[in-house]
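Coordinate inspection notes
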Amino acid sequence: MSAKKKLPIGVQSFRKIREGDYYYVDKTGFILGLIEEGSYYFLSRPRRFGKSLLVDTLKELFSGSRELFAGLYAEDHWDWSVSHPVLLFSFAGGVLGSVEALENSLIEQLTYAEENWGISMRFPEIRSRFKQLIRQTHEKTGRQVVILVDEYDKPILDAIADREEAARVRDVLRDFYSVIKDNDAHIRFAFLTGVSKFSKAGIFSGLNNLRDITVEAPYSAICGYTEEDLETVFAPELPGLDRAAIREWYDGYNWLGESVYNPFDVLLLFSKRTFGAYWFESGTPTFLVKLVLERGVFTPSLGQTVASEMLLSTFDVDTMPVEALLFQTGYLTFAGTRRMGARTEYRLGYPNLEVQSALNDVLLKSLLADPGAAEGVVSRLYDVLSTADFDALEAHFRALFAAIPADWHRKNAIAEYEGYYASVFYSHFAALGLDIRVEDATSRGRVDMTVLFEGRVFVFEFKVVELEPEGRALEQILARRYADKYLDLGRPIHLIGVEFSRKERNLCAFEVRSLPPPATENAGPPG
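For every chain, the first residue of its written sequence is number 1, and the numbers climb from 1 along that sequence. pLDDT decides what is reported in this predicted model: residues at 70 or higher carry local features, side-chain atom pairs at 80 or more are listed and counted, and totals for whole chains, interfaces and linings draw on all residues regardless. Excluding hydrogens and water, the side-chain values take into account all heavy atoms of the structure.

1. Thoughts on the sheet that holds strand E4 (residues 187-194)
Whether two strands pair comes down to DSSP finding at least two bridges between them. The way it works is that DSSP assigns letters per residue, a run of H or I at least four long becomes a helix, a run of E at least two long becomes a strand, and they are numbered from the N terminus. Strand order in the open sheet formed by five strands is E2-E3-E4-E1-E5, with parallel pairing between adjacent strands. Only two strands of the sheet have a single neighbouring strand rather than two, namely strand E2 (86-90) and strand E5 (211-212). In terms of strand pairing, strand E3 (residues 145-150) meets E4 through five bridges, oriented parallel. Across the sheet, residue Val-149 finds its bridge partner in E4, namely Leu-192. Sheet strands touched by helix H3 (residues 51-63): strand E1 (40-44), E2, E3 and E4. Its angle to E4, the strand with the most contacts, is close to 165°. Against the sheet, helix H7 (residues 163-182) makes contact with E1, E2, E3 and E4, and its axis sits at roughly 150° relative to E4, the strand it touches most. Note on contacts: a residue pair is in contact if any heavy atoms of the two residues lie within 4.5 Å. Between N-to-C directions, angles cover 0 to 180 degrees, with each direction set by a line fitted to C-alpha atoms, over the stretch in contact for helices.

2. Considerations on the confidence of the model for the protein
Across the protein, pLDDT averages 89, with 91% of residues at or above 70. For every residue, the predictor reports its confidence as pLDDT, a number between 0 and 100. Segment residues 522-527: pLDDT under 50, and zero contacts once partners within four positions in sequence are set aside and those in other chains are kept.

3. Considering the packing of aromatic side chains
When two rings of Phe, Tyr or Trp (its six-membered ring) have centres within 6.5 Å they constitute a pair, described as stacked for plane angles under 30 degrees, edge-to-face for angles over 60, and tilted for the intermediate range. The tally for this structure, following the rule as stated, stands at 43 aromatic pairs. Ring centres of Phe-14 and Phe-69 lie 4.8 Å apart, and the angle between their planes is 40°; on these two criteria the pair is classed as tilted. Residue Phe-14 is found in helix H1 (residues 14-19), and its partner Phe-69 is found in the loop between H3 and E2; the two are separated by 55 residues along the sequence. Each residue gets one of three labels from its accessible area relative to the maximum for its type: buried under 20%, exposed over 50%, partly exposed in between, using a 1.4 Å probe on protein chains only. Judged by its relative accessible area of 0%, Phe-14 falls in the buried class. Since its relative accessible area comes to 0%, Phe-69 is described here as buried. Joined through ring pairs, the aromatic side chains of Phe-397, Phe-401, Tyr-420, Tyr-421, Phe-425, Phe-429, Phe-460, Phe-462 and Phe-500 make up one cluster. By the criterion adopted, a ring carries a charge over it if an Arg CZ or a Lys NZ lies within 6 Å of its centre and within 35 degrees of its normal. Between Arg-48 and the ring centre of Phe-264, over which it is positioned, the NZ or CZ distance is 4.4 Å.

4. Quick look at the packing of helix H12 (residues 286-294) against helix H15 (residues 353-367)
Two quantities define a packed helix pair, namely the angle between the axes and the distance from one axis to the other. Packing of H12 against H15 brings their axes to within 10 Å, and their N-to-C directions diverge by 60°. Regarding the angle of H12 to H15, the classification is oblique. Here H12 runs over H15; the crossing is right-handed. Of the residues in H15, those touching H12 at Val-289, Val-292 and Leu-293 are Val-362, Leu-363, Ser-366 and Leu-367. Gly is placed with the polar residues, together with every amino acid not listed as nonpolar (Ala, Val, Leu, Ile, Met, Phe, Trp, Tyr, Cys and Pro) or charged (Asp, Glu, Lys and Arg). Here the contact of H12 with H15 is built from residues that sort into six nonpolar, one polar and no charged. Throughout this description, any angle smaller than 35 degrees is read as roughly parallel, any larger than 145 degrees as roughly antiparallel, any in the 65 to 115 degree range as roughly perpendicular, and the remainder as oblique. By the definition used in this description, the sense in which the near helix is turned from the far one sets the handedness, with an anticlockwise turn below a right angle giving left-handed and a clockwise turn giving right-handed.

5. Things to note about the nonpolar core
Formed by 163 residues in total, the largest nonpolar core has its most connected members in Tyr-177, Phe-191, Phe-429 and Phe-460. For this core, the leading source of residues is H7, giving nine residues. Excluding anything up to four places from it in sequence, Phe-429 contacts Leu-381, Leu-385, Phe-397, Leu-434, Ile-436, Met-449, Val-451 and Phe-460. In terms of nonpolar packing, the next biggest core, distinct from the first, is built from 11 residues, Val-447, Val-457, Tyr-482 and Leu-495 among them. Residue types Ala, Val, Leu, Ile, Met, Phe, Trp, Tyr and Cys, when buried and joined through side-chain atoms within 4.5 Å, form a set referred to as a nonpolar core.

6. Let's talk about the pairing of strand E11 (residues 456-465)
The element E11 is extensively covered by neighbouring structure, given that eight of its 10 residues are classed as buried. When E11 meets strand E12 (residues 493-501), the two strands line up parallel, connected through nine bridges. From the neighbouring strand, Val-465 faces E12, where its bridge partner is Ser-501.

7. Looking at the pattern of salt bridges
Put simply, a salt bridge is a Lys or Arg side-chain nitrogen that is within 4 Å of an Asp or Glu carboxyl oxygen. What the rule picks out here adds up to 29 salt bridges. Among the ionic pairs, Glu-60 bridges to Arg-15, the shortest N-O distance being 3.4 Å. You can see Glu-60 sitting in helix H3 and its partner Arg-15 sitting in helix H1, a full 45 residues away along the chain. According to the relative accessible area criterion, Arg-15 is partly exposed, its value standing at 28%. For Glu-114, the salt bridge is made with Arg-129, and the minimal N-O distance between the two is 2.7 Å. With Glu-114 in helix H4 (residues 99-117) and Arg-129 in helix H5 (residues 126-141), this pair connects stretches of sequence that are 15 residues apart. Arg-129 matches Glu-114 in its accessibility class, with the two residues each being buried. When salt bridges that share partners are traced, they join Arg-15, Glu-19, Asp-56, Lys-59, Glu-60 and Glu-67 into one network.

8. Re the sheet that holds strand E7 (residues 333-340)
Strand order in this open sheet of three strands is E6-E8-E7, and the pairing throughout is antiparallel. The strands lining the two open edges of the sheet, one partner per strand, are strand E6 (305-308) and E7. Averaged over all neighbouring strand pairs, the angle between strand axes comes to 25°, with direction disregarded. As judged from the four bridges shared by E6 and strand E8 (residues 343-349), these two strands associate in the antiparallel manner. Considered in E8, the bridge of Val-306 is made with Arg-347.

9. Points about the environment of Phe-69
Between the alpha carbons of Phe-69 and Pro-351 there is a distance of 32 Å; along the sequence they are 282 residues apart. Leave out the neighbours within four places in its chain, and Phe-69 touches Phe-14, Arg-18, Thr-28, Thr-57, Glu-60, Leu-61, Ala-74, Glu-75 and Trp-80.

10. Description of helix H19 (residues 419-430)
In this analysis, the expected span of each helix is defined as 1.5 Å times one less than the number of residues it contains. With 12 residues, H19 should cover 16 Å at 1.5 Å per step; its first-to-last C-alpha distance of 16 Å lies within 8% of that length. Counting buried residues along H19, 12 of its 12 residues qualify, which places the element largely inside the surrounding structure. Listed as buried for H19 are Gly-419, Tyr-420, Tyr-421, Ala-422, Ser-423, Val-424, Phe-425, Tyr-426, Ser-427, His-428, Phe-429 and Ala-430.

11. Focus: the environment of Ser-81
Of note, Ser-81 is situated in the loop between H3 and E2. Distance in space between the C-alpha atoms of Ser-81 and Gly-64 is 7.8 Å, their sequence separation being 17 residues. Separated by 2.5 Å, the side chains of Ser-81 and Asp-79 make a polar contact. Here a polar contact is taken to be a pair of N or O atoms separated by no more than 3.5 Å, where protein atoms must pair a possible hydrogen donor with a possible acceptor and residues adjacent in sequence count only if both atoms sit in side chains.

12. Here we look at unusual backbone geometry
Although it is not a glycine, Glu-151 adopts a positive phi angle of roughly 55°. Relative to the helices and strands, Glu-151 is located in the loop between E3 and helix H6 (154-158). Overall, Glu-151 belongs to the buried group, its relative accessible area being 13%. The residue Ala-388 is not glycine, and still its phi comes out positive at about 50°. Turning to its location among the elements, Ala-388 is positioned in the loop between helix H16 (371-387) and helix H17 (390-402). Take Ala-388: its relative accessible area is 16%, and that puts it in the buried class.

Structure follows, in structure tokens:
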């Protein structure tokens, strides 16, 4: 086994990684493939997925820094006799949530590039300065320029809470990026990255030669770590860690090709040697959670969202589908596709345990009136499930809903729709990271929610009634024989019918029917 190296946690400089004895996953094969196939590209990936490092690698490649690529794919497959001037623009640092802040950043970056390439500023206006910079750098060096833009959308996202200001910021960026199309003869290669895939009409208007590789299967693993990367590059870090648990916690991100691990999570796991929601805790936007709740999203359905190709690309300041936002920010990923004539339908799901658990924990705290109370109730739920004490489980949920003040219901429209009760119930379980099946199909219908936990199967059916219990929830489980699907598991099965009173805003019925595990000829003592 090779010796351990430094973990590149937060390191976005390709030169620093290559000169500092850090682990590096070779992505130069992907990069050369892009350069051979075209000249203008756009890539969307969630935050902390290695986009900035990818952009910096492109910078060093086109700059001719051959010594940094020793031992990598590009070393023997790139023409090092030719280099190109690189114009790099990054919006990754600082908060740029206003037109003034964005324009100051553009002026600063243009000034640096002009000084670096010896270009005299002739025009004060940003768009004209950018055009002049491209053309004069080409003239001065005799080489077409390379334009790299890191986090192209961050100024818009920084302002997203103020839709009007976000629209103004978008317009400034649209005007700036339009220069790229107008100067094709002077550009060798252009590559833009960001978190969100804003519609072309919104920000790339006129830049119709920009190829979006976000969901192209060959480039699914251009950012992130593959299974092979962990087994080879990071082999020295694996001893002492549960490989199945690493996969369950951090793998599963997919863009219609090879699945990848979240690199930020993996690196921190190797450093801390314990599992945690490192990526999620590093910056989940409150705007996203607020939007999910404002739209009344039924949280049990999040892990099995269905969306069209058009819906996922319809994203702008004024049009922001929740499905597109969750997908682009990394909280949902591709879990399957279906072709229906000229239409492609995508099935989206949680990429892994970290996202499912952490996102539902945040959603639960937002669904309840007292976020602090949510911390204690989650741990109590675990204890109650462990003992299969159903009287305690019913009391637990009655107390949970009773703790929500009537005034909170009045001020929050989300609490009035029927799915609110089931959303609180589901997110409460999902925050524990349990094995949960939602809308689980059987031969006789769909089970609202099934939980597999510590050798037991809990089958839940939810109903909302006006006031008095009606007994329809448990009746439906029994009549449709929902338990039959799980008999082969040989586990105790608990059928639980839950009814919520719309008027009382709490449980009005909690009925349980327990089935012992089926007897087998050679059954030993229960495990």
